[in-house]
Amino acid sequence: MLRRAVIFALVMAGYYLLKLAIFGDLFPTGFYRKVRVSEIGQLHISEWIMAYQGWLILALLASLMLSVRTLRRFPLKRLGWLLMLVLGAVGVFVFYTQSTPLTPSFFRFLVMPIWTIYMVLALGAVWLLFLLLQLVLSPHQVLRLIKVAHSLVMPSAITMLILLVSLFISSNMQNNISSISNQIKHHHYINAALYWRSQLPDPSRITVVFGDAGAVAYTLGSRFIDPNGLAEPPIAHLFRLPDGEEKIARFLKHVLGNQPDILIDYNWSFSGNSSTMPTPLNLHSPFHGPMPLAIYEAYRDYGLTYGCSFVAWYPINIFIWRDSPYGAQNLYQAFCTYPGAYRFPEGVTAVGEGRSVHFPPLAESLSAQPDARAAELGSAFRPAQ
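Quick summary incoming for the structure in this document. (Residues numbered from 1 in each chain as written. Predicted model: local features only at pLDDT ≥ 70, side-chain atom pairs only at ≥ 80, totals over all residues. Heavy atoms only, no water.)

**Re helix α13 (residues 293-302)**
The line we're drawing: For the exposure calls, accessible area comes from a 1.4 Å probe over protein chains only, and a residue counts as buried if that area is under 20% of its type's maximum, exposed if over 50%, partly exposed in between. Secondary structure elements are taken from DSSP: a helix is a run of H or I of four residues or more, a strand is a run of E of two residues or more, and numbering for both begins at the N terminus.
Within the span of α13, buried status applies to Leu 293, Ile 295, Tyr 296, Ala 298, Tyr 299 and Tyr 302. Within two residues after α13, Gly 303 carries a phi angle of roughly 120°, on the positive side.

Okay, structure coming up:
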């Protein structure tokens, strides 16, 4: 037993050392982003209990029956598997009451408790079937039936799996492919990123900041900074810090330290006709309160200027670094000629904390004269920070 534990510990240590070598961190970014006490986690658990209350009651009854039955015939240690199953589910409950589960659609973070419920119910159903068989069959016949059923479990499972996969492929695959193709065709982010990519000689040489790591980053193929920390361990670690100057400084050090050429930011007014950008609470942001206006002041001082806007699922503003080695004009032409893009002639203004930060539009003189450094593609580009 001890030897097995040592082997397991060595394997897990090697696994975590490999993670540390590859990702620079032992835990995924989601751990740092979500593991903090909030009412969101407690509400998530409460909603799950209300949605599954009927199944929970049945599972508890099944657990009780299985426990009584097992204790009558076997020592207490034989209940270990059931205790581990239930304690694991309870542990997940407790964990999520102490966390902030962002976007918990369809209770996807509670898969283990859901699986545990169905597992216990299935075992309870088999036990009840066994009791019913004992009423009509002799013990010898029941034993033979169990042996036959046991020998058929694996072949039946494999056959059913093959049939389900075949059915899925034959009836749904074509529809699914068509549905996925249609979704891609009308996906705002994918369409925009494909267009931007086609306008850039080498997208991998520019750095883009956007708080929605996913379709844009993958499709555009640029260097990408996620200010919400899902793909950035240094920002993910900020979730546990209290809001204040230290957090702002560390956030800006990471984001602006990578010298972004483009900032893509939501207009939280949710109005495509408004050039005013409020800074409300964003649960995906490392800041527990509204985004500090000092962040936008630093963006402005760094040299980000307003380029253009377009409406995806929400209104989006695009900011361009006027000193980009790629050339501000080139970036403007690549990003702001996207069909559906529009421009506020006066620029846009971030507002919050009783103050405002104005981002003037990219200067007309700059828009008319490409940056001379833009021709120096390749060797002139800075290395990734």
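Picking up where we left off.
**Some points on the environment of Tyr 342**
Structurally, Tyr 342 can be placed in the loop between α14 (328-335) and β7 (348-352). Expressed as a C-alpha distance, the spacing of Tyr 342 and Gly 307, which sit 35 residues apart in the sequence, is 9.2 Å.

**Thoughts on the sheet that holds strand β3 (residues 262-266)**
This is how the line gets drawn: When DSSP locates at least two bridges between a pair of strands, those strands are taken to pair. Here, axes are lines fitted to C-alpha atoms. For helices the fit covers the stretch in contact, and angles between N-to-C directions go from 0 to 180 degrees. The contact definition used throughout considers only heavy atoms, calling two residues in contact when any of these lie within 4.5 Å.
Taking strand neighbours across the sheet as the criterion, the 5 strands line up as β2-β1-β3-β6-β5 in an open arrangement whose pairing is mixed. Two strands in the sheet have a free side with no partner beyond their single neighbour: β2 (223-225) and β5 (304-311). Strand-to-strand twist of the sheet, defined as the mean angle between neighbouring strand axes without regard to direction, takes the value 25°. Note that strand β1 (residues 207-210) and β2 share 3 bridges and pair parallel. Pairing of Thr 207 across the sheet is with Arg 223, part of β2. On top of the sheet, helix α9 (residues 188-199) reaches β1, β3, β5 and β6 (315-321); it is set at about 130° to β5, its chief contact.

**Re the state of the cysteines**
Here a disulfide denotes a covalent bond joining the sulfur atom of one cysteine to the sulfur atom of another. To keep things clear, this is the line we draw: Note on terminology: disulfide denotes any pair of cysteine sulfur atoms within 2.5 Å.
Across all of its chains, the model carries 1 disulfide by this definition. Note on cysteine connectivity: Cys 308 is disulfide-linked to Cys 336, with sulfurs 2.2 Å apart. One disulfide, between Cys 308 and Cys 336, carries an S-S torsion of -85° and so falls in the left-handed class. Taken together, the residues span a long stretch of sequence, with Cys 308 in strand β5 and Cys 336 in the loop between α14 and β7 at a distance of 28 residues. Under the relative-accessibility criterion, Cys 336 is labelled buried at 11%.

**Structural notes on the pattern of salt bridges**
Rules: Note on definitions: salt bridges are taken to be side-chain nitrogens of Lys or Arg within 4 Å of carboxyl oxygens of Asp or Glu.
Within the structure shown, the criterion is met by 6 salt bridges. What emerges from the salt-bridge pattern is a single network uniting Glu 297, Glu 353 and Arg 355.

**So, the nonpolar core**
Note the following rule: Joining through side-chain atoms within 4.5 Å is the link that ties buried Ala, Val, Leu, Ile, Met, Phe, Trp, Tyr and Cys residues into a set, and such a set is a nonpolar core.
Judged by nonpolar contacts, the single largest core of 30 residues is most densely connected at Trp 196 and Phe 335. Every element with two or more residues in this core is listed here: α9, β1, α10 (215-220), β3, β5, β6 and α14. Among the elements that take part in this core, α14 stands out by supplying 5 residues, more than any other. Every residue in contact with Phe 335, bar those within four places of it in the chain, is listed here: Trp 196, Leu 200, Ile 206, Leu 220, Ile 262, Cys 308 and Ile 318. Of all hydrophobic cores here, the second largest spans 29 residues; its members include Leu 293, Tyr 299, Leu 304 and Ala 350.

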